Amino acid sequence: MITKILKTDDNSIAEAGRILKDGGLVAFPTETVYGLGGNALLSDSVKKIYTAKGRPSDNPLIVHISDIDDLGELACEINDNAKALICAFMPGPFTVILRKNKIVPDTVTAGMDTVAIRFPENETAQRLISAAGVPIAAPSANISGKPSPTKAIHVIEDMNGRIDAIIDGEDCDVGVESTIVDATGEVPVLLRPGGVSYEEICEVVPQTVIDEHILNSLSEGEKPLCPGMKYKHYAPEADVTVVEGDMRAVKKKIDELLKENGDKVCGVLTMSENAYDSAIILSGGTTNQNYAKTLFSNLREFDRLGVEVVFAEFESRDGYGLAIRNRLYKAAGHKVIKV
Ligand code: TXA
Ligand code: MG
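Treat the numbers as computed from the prediction; the structure is a model and nothing was measured.

### Focus: the nonpolar core
Buried together is how nonpolar side chains tend to be arranged in soluble globular proteins.
Moving on, step 1. Core analysis: the largest hydrophobic core is formed by 43 residues, its most contacted members being Leu36, Phe94, Val96, Leu98, Ile117, Ile163 and Ile201.
Moving on, step 2. Of all elements in the fold, only helix H2 (43–53), helix H3 (71–74), helix H4 (80–89), strand S6 (94–100), strand S7 (114–118) and helix H7 (152–159) reach the threshold of two or more residues within this core.
Moving on, step 3. In this structure Phe94 touches Leu85, Phe89, Ile117, Arg118, Phe119, Ser178, Thr179, Val181, Val196 and Ile201, once residues within four positions along its chain are discounted.
Moving on, step 4. Counting 38 residues, the second largest nonpolar core, distinct from the first, contains Ala238, Val242, Phe296 and Ala312.

Pasting the structure below:
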């Protein structure tokens, strides 16, 4: 298949919208990560998404809208907490789980009776969804198991030849995926931390709880509420270890680890001004926001550079801290050294 690379001018967006409406697949930017979109109301396009990504079919997709009024068609039984969260965080880097209506095919929800809905804030995403005139099912536009794409070039690397078109748009601002909250029950449950922090959610619905699997690995045979959690995500080829704590102690520990691994190509992902010898250094900046924004692209870059072992500096801070920790722990297969 030849993949068209489209820009973000009106003609290109109109063309991409037609492709989607007719059942084709188009990757597009959002404020979180690039999405791999298909018409959410056509089971056949949804199946093509799973094939293009190599995604297990028991892992449901998020449905994207560009008008809050479209929510009522897709979901029902929207309780007061759900309404408050929707009102506070949509459009934005936020996904709400609601009871699904019949119109949503089972292929989208992997047979579950709930549906994940997101209204992205990114203007290109909104223009595209409006042009398509239908809700768009879209997982992150990476090959299953790879870090999510935050730049068009990452999507081209993973999806060229597998889908109809890629919108060559802006880099993603947030850099980690949307926050997912299950609002079907009396108490909302945070299933995946992301662009909206837990603290922000609690300002709207204080009784919201955090699903226990966010930072722990699952035990054999355990079934998470968010099916995506059971898969090893965001894993680069390199062997990643998180070194977490005060940045001076982190520096000391990583220096030791670099010595022990002197025979390998080592990389360090920094979150400080620390300098290291005999390692490839990629900087995540010194703020949570920048670390999140650059995390996936840094993980991809370590692979591109042939790095075998990565030590990732990390210090827990507010805001995006939980989201970063969740992604890093997964990339490291939960190999974490606390200092
Ligand atoms: O920021 C994002 O959310 C990006 C952009 C493209 O919107 N999308 C994204 O999709 O991250 P994906 O497919 O990579 O992650 C969706 C997650 C999966 O872990 C899936 O299991 C969960 O959402 N999910 C989808 N529907 C669900 C449902 N009904 N109940 C619980 N979890 C659900
Ligand atoms: Mg994904």
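Don't stop here, the text continues.
### Let's talk about the side chain of Lys53
Moving on, step 1. Within the fold, Lys53 resides in helix H2.
Moving on, step 2. No salt bridge is formed by the buried Lys53, whose closest oppositely charged neighbour, Asp158, lies at an N-O distance of 7.7 Å.
Moving on, step 3. Setting aside residues up to four positions removed in sequence, Lys53 forms contacts with Leu36, Pro139, Ser140, Asn142, Ile143, Ser144 and Met159.

### What about the packing of aromatic side chains?
Moving on, step 1. Counting across every chain of the model gives 2 aromatic pairs.
Moving on, step 2. Taking 5.3 Å as the distance between ring centres and 40° as the angle between the ring planes, the aromatic pair formed by Phe89 and Phe94 counts as tilted.
Moving on, step 3. By relative accessible area, which is 10% here, Phe89 ends up buried.
Moving on, step 4. For the cation-ring pair, Lys251 lies above Tyr276, with the distance from its terminal atom to the ring centre recorded as 4.7 Å.

### Regarding the sheet that holds strand S17 (residues 336–338)
What links the strands of a sheet is backbone hydrogen bonding, and the strands pair in either a parallel or an antiparallel sense.
Moving on, step 1. Across the sheet, which stays open at both edges, the 5 strands sit in the order S15-S14-S16-S13-S17 with parallel pairing between neighbours. The sheet is open, and its two borders are formed by strand S15 (280–283) and S17, each paired with just one other strand. Strand-to-strand twist in this sheet, taken as the mean axis angle between neighbours without regard to direction, amounts to 20°.
Moving on, step 2. Of the pairings in the sheet, the one linking strand S13 (residues 239–244) to S17 comprises 3 bridges and is parallel in character. When the bridges of S17 are listed, Val243 appears paired with Ile337.
Moving on, step 3. Sheet contacts for helix H9 (residues 247–260): S13, strand S14 (266–270), strand S16 (309–314) and S17; angle to S16, the most-contacted strand, approximately 170°.
Moving on, step 4. This element, helix H10 (residues 288–304), spans S14, S15 and S16 of the sheet and lies at about 170° to S14.

Conventions and cut-offs
Residues numbered from 1 in each chain as written. Chains lettered and ligands numbered in written order. Predicted model: local features only at pLDDT ≥ 70, side-chain atom pairs only at ≥ 80, totals over all residues. Heavy atoms only, no water. Core = buried A, V, L, I, M, F, W, Y, C linked by side-chain atoms within 4.5 Å. Buried < 20%, exposed > 50% of the residue type's maximum accessible area, 1.4 Å probe, protein only. Helix = DSSP H or I, 4+ residues; strand = E, 2+ residues; numbered from the N terminus. Contact = heavy atoms within 4.5 Å. Lys, Arg positive; Asp, Glu negative; His and termini not counted. Salt bridge = Lys/Arg side-chain N within 4 Å of Asp/Glu carboxyl O. Phe/Tyr/Trp six-rings, centres within 6.5 Å; stacked < 30°, edge-to-face > 60°. Lys NZ or Arg CZ within 6 Å of the ring centre and 35° of its normal. Pairing = 2+ DSSP bridges. Axes fitted to C-alpha atoms, helices over the stretch in contact; angles between N-to-C directions.

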